[in-house]
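# Residue-level structural notes
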Amino acid sequence: MKLIAAVALLTLTATPVLAQTMPATPAAPAPATPGAAATAPAKLSIDSPIEQLVASPAAKAVVEGAIPGLSQHPSFDQFKAMTLAQVQPYSGGAITDEMIKKITDGLAAIK
């Protein structure tokens, strides 16, 4: 319950700041680096948005193994764009350093 309140508070307080600092038009994407694999997906990590983690079956298994039910949390839509590292301080201790370490190690092992 503390996690829900913290995420809701964060969402409400961050929105006006983001509205003031975000440009009116989105920036153009950076040109591809020559030689970079255009189709290679980005390596998922603890710094990936939660919604990207749960979109990958392998990463979702890692996350759900450490934090059961995260993707089914009633407030998932409110924090899914955040990273686990960003949500952790607002979780009231529900997301521990050990959980983050377990997820970090599990994501690194995904090929």
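Along each chain, numbering runs from 1 in the same order as the chain's sequence is written. Given that this is a predicted model, residues contribute local features only at a pLDDT of at least 70 and side-chain atom pairs are listed and counted only at 80 or more, while totals for whole chains, interfaces and linings are drawn from all residues. Neither water nor hydrogens contribute to the side-chain values; these are computed over all heavy atoms in the structure.

What follows covers the confidence of the model for the protein. Here pLDDT means the predictor's own confidence in every residue, given as a number from 0 to 100. In this model, the protein carries an average pLDDT of 77, and 63% of its residues clear a pLDDT of 70 or more. Counting contacts from residues 8-22, a segment whose pLDDT is below 50, to residues more than four positions away or on other chains yields 4 contacts. When checking whether two residues touch, look at their non-hydrogen atoms; a contact exists if any pair is within 4.5 Å.

The next subject is the nonpolar core. Judged by nonpolar contacts, the single largest core of 19 residues is most densely connected at I50, I67, L70, F79, L84 and I103. Where helices and strands are cited, they refer to DSSP runs of H or I of at least four residues and of E of at least two residues respectively, numbered from the N terminus. Going through the elements one at a time, α2 (50-55), α3 (57-66), α4 (76-79), α5 (84-87) and α6 (97-109) are the ones with two or more residues in this core. The dominant element in this core, judged by the number of residues it contributes, is α3, at 4 residues. Remark: nonpolar core denotes a set of buried residues (Ala, Val, Leu, Ile, Met, Phe, Trp, Tyr, Cys) joined through side-chain atoms within 4.5 Å. Relative accessibility under 20% of the residue-type maximum defines a buried residue, over 50% an exposed one, and the middle range a partly exposed one, all with a 1.4 Å probe and only protein chains included.

Let us now look at the environment of A109. Take A109: it is sitting in helix α6. For A109, a relative accessible area of 55% puts it in the exposed group. Between the C-alpha atoms of A109 and V62, which are 47 residues apart in sequence, the distance is 9.8 Å.

To continue, consider the packing of aromatic side chains. Any pair of Phe, Tyr and Trp rings, taking the six-membered ring for Trp, is counted once the centres come within 6.5 Å. Such a pair is stacked with planes under 30 degrees apart, edge-to-face with planes over 60 apart, and tilted for the rest. With the rule as written, the count across this model stands at 1 aromatic pair. Look at F76 and F79: their rings are 5.8 Å apart centre to centre, the planes differ by 80°, and that puts the pair in the edge-to-face class. A residue pair is termed a helical-turn pair when its members lie 3 or 4 positions apart in one helix, as F76 and F79 do in helix α4 at 3 residues. Owing to a relative accessible area of 0%, F79 belongs among the buried residues under this scheme.

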